[in-house]
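# Structural features, examined
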There are 2 protein chains.
Amino acid sequence: MHDIRFRDPAGTVRNGLLHDDHVHFGDDAHDLEAVDVLAPAEPTKIVCVGRNYARHAEERGEDVPDRPLLFLKPPNAVASHGSTITLPAGKEQIEHEAELAVVIDEQCKDVDPEDADDVIRGYTCFNDVSNRDDQSREQNWVRGKAFDNAAPMGPVLAEEIPDDAAVELRVNGETRQSSSIEHFIFSIPELIAEITTYMTLEPGDVIATGTPEGVGPLTDGDHVEIEIEGIGTLEHDVRQDA
Amino acid sequence: MHDIRFRDPAGTVRNGLLHDDHVHFGDDAHDLEAVDVLAPAEPTKIVCVGRNYARHAEERGEDVPDRPLLFLKPPNAVASHGSTITLPAGKEQIEHEAELAVVIDEQCKDVDPEDADDVIRGYTCFNDVSNRDDQSREQNWVRGKAFDNAAPMGPVLAEEIPDDAAVELRVNGETRQSSSIEHFIFSIPELIAEITTYMTLEPGDVIATGTPEGVGPLTDGDHVEIEIEGIGTLEHDVRQDA
């Protein structure tokens, strides 16, 4: 049973529970198919981590960093489970990056690693959609990472996941990424401690923990699935105008 | 007469008008000294522009870019007129950057340069506070630019400013930066068009248009004034723990 944010048939936004393909809120139960699933959080910011798996750093030809490589996606990037994301037009290399995302539960700053669990609301699946055409040309990855629809997340929030949760991404049914969060370079408590040394995190803020090896192209018409053990499967479609 | 966002003596947040050192809301008029001035916008994101004055690019030893250099500050960076900002502890080189900021009035995407004026709510003064210790070590300027209190702005929103508005920054009364927005490399309409090619801007979002030459250090106890012709003077104090 996981937390799910949805719009009910009357159009009202609710925070309910998903159980046996039914969405529960109060005494109401809806067929999962009858509701619009919304992103499981409304972040004021998404703090993303780059190169947090050694094999992904390797495939990008980059060194493993000595401290977390951080970048930002603003709220305009959020997209939900079941949506069709629109990619920037006319770009040649836009890629998927399957990631575990952490949703923050309370306003916090200067969090000690040993207290990090206390500020976590839950875990969800995340696609760090990346526009390499621009990313490779800019100091800060804004055109490359912060465009509209660049952060699909969902479908639910899980309160607990295994320490070695499997992460898999499929495009049109074909497996492209397959790894486990046990290969993190920096742990979630280390990431929360480092980020909150500099900035206050707010309830609903998201930390995207980096992608494993196997990133690859997305093109018009693709169907993406990101499955993380203990959470479920985020699915979205892709549209790109020429 | 300019728009001013403030907390009235009863603690309520209001959008009023500043006139002759009095803040007006409905039939009430308060002494400016009797209210808390708040940041003139509540952005979902601040899109900042780097190297938008040739002489500042020069002083940093950088080339003038062929398209706007963009980076992001999240809402946690916002600080208000009259506040004391706290800088990250233990950093040796934190600097001021006086900038004109543009506040967006409506949700917009793919804005043509000739329509850019229609999406602007107003103009305010902005300090792009920059932590060079970390900025120089990271790909994306997150620790360097996105920390808490790194975006003081205010005191008011002006609807119109001259095309050659003077920008001046003083620290403890001494002038450090003195230029004019007539030296922009990329104009405000060009910036809005470029940014909204990639991302939707929301009401209250802020574009910080870059700093002229003369950036320099901030240290514990400093008093900063940023004056822009047609707007007024943003003032804030600085605290930094060792």
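Quick caveat, the model's predicted, so the values are computed rather than measured. (Residues numbered from 1 in each chain as written. Chains lettered and ligands numbered in written order. Predicted model: local features only at pLDDT ≥ 70, side-chain atom pairs only at ≥ 80, totals over all residues. Heavy atoms only, no water.)

## Considerations on the domain arrangement of chain A
Residue and element names in this part refer to chain A. In terms of domain boundaries, chain A breaks down into domain 1 (1–38) and domain 2 (41–240). Listed by partner, the interface residues are seven residues for domain 1 and eleven residues for domain 2. Of the roughly 720 Å² buried where domain 1 meets domain 2, counting both sides, 51% is carbon and sulfur surface. Counting the contacts that link domain 1 with domain 2 gives one salt bridge. In this structure, the salt-bridge partner of Arg5 is Glu42, at a minimum N-O distance of 3.2 Å. At the junction of domain 1 and domain 2, the tally comes to three residue pairs in polar contact (both at pLDDT 80 or more). (Domains from an automatic or database assignment. Contact = heavy atoms within 4.5 Å. Buried area = accessible area lost by both parts, 1.4 Å probe. Salt bridge = Lys/Arg side-chain N within 4 Å of Asp/Glu carboxyl O. Polar contact = N/O pair within 3.5 Å; in protein donor to acceptor, adjacent residues only side chain to side chain.)

## Topic: the interface of chain B and chain A
At the interface, 30 residues of chain B touch 30 residues of chain A. For the pair chain B and chain A, the summed buried area comes to about 2,800 Å², and 50% of that belongs to carbon and sulfur atoms. Our count for the contact surface shared by chain B and chain A stands at six salt bridges. Our count for the contact surface shared by chain B and chain A stands at 17 residue pairs in polar contact (both at pLDDT 80 or more). Counting only elements with at least two residues in the side of chain B that touches chain A, the list comes to strand 7 (69–73) and helix 3 (188–198) of chain B. Looking at the side of chain B that touches chain A residue by residue, the class counts come to 13 nonpolar, six polar and eleven charged. (Helix = DSSP H or I, 4+ residues; strand = E, 2+ residues; numbered from the N terminus. Nonpolar A, V, L, I, M, F, W, Y, C, P; charged D, E, K, R; others polar.)

## Structural notes on the sheet that holds strand 15 (residues 166–171) of chain A
Residues and elements named next belong to chain A. A sheet is described by the order of its strands in space; here five strands give the open sequence 9-20-19-15-16, paired in mixed fashion. The strands lining the two open edges of the sheet, one partner per strand, are strand 9 (84–87) and strand 16 (174–180). Each adjacent strand pair in this sheet contributes to an overall mean axis angle of 20°, direction not counted. Where strand 15 and strand 19 (residues 223–228) come together, five bridges link them in antiparallel fashion. Within strand 19, the position partnered with Arg170 by the bridge is Glu225. (Pairing = 2+ DSSP bridges. Axes fitted to C-alpha atoms, helices over the stretch in contact; angles between N-to-C directions.)

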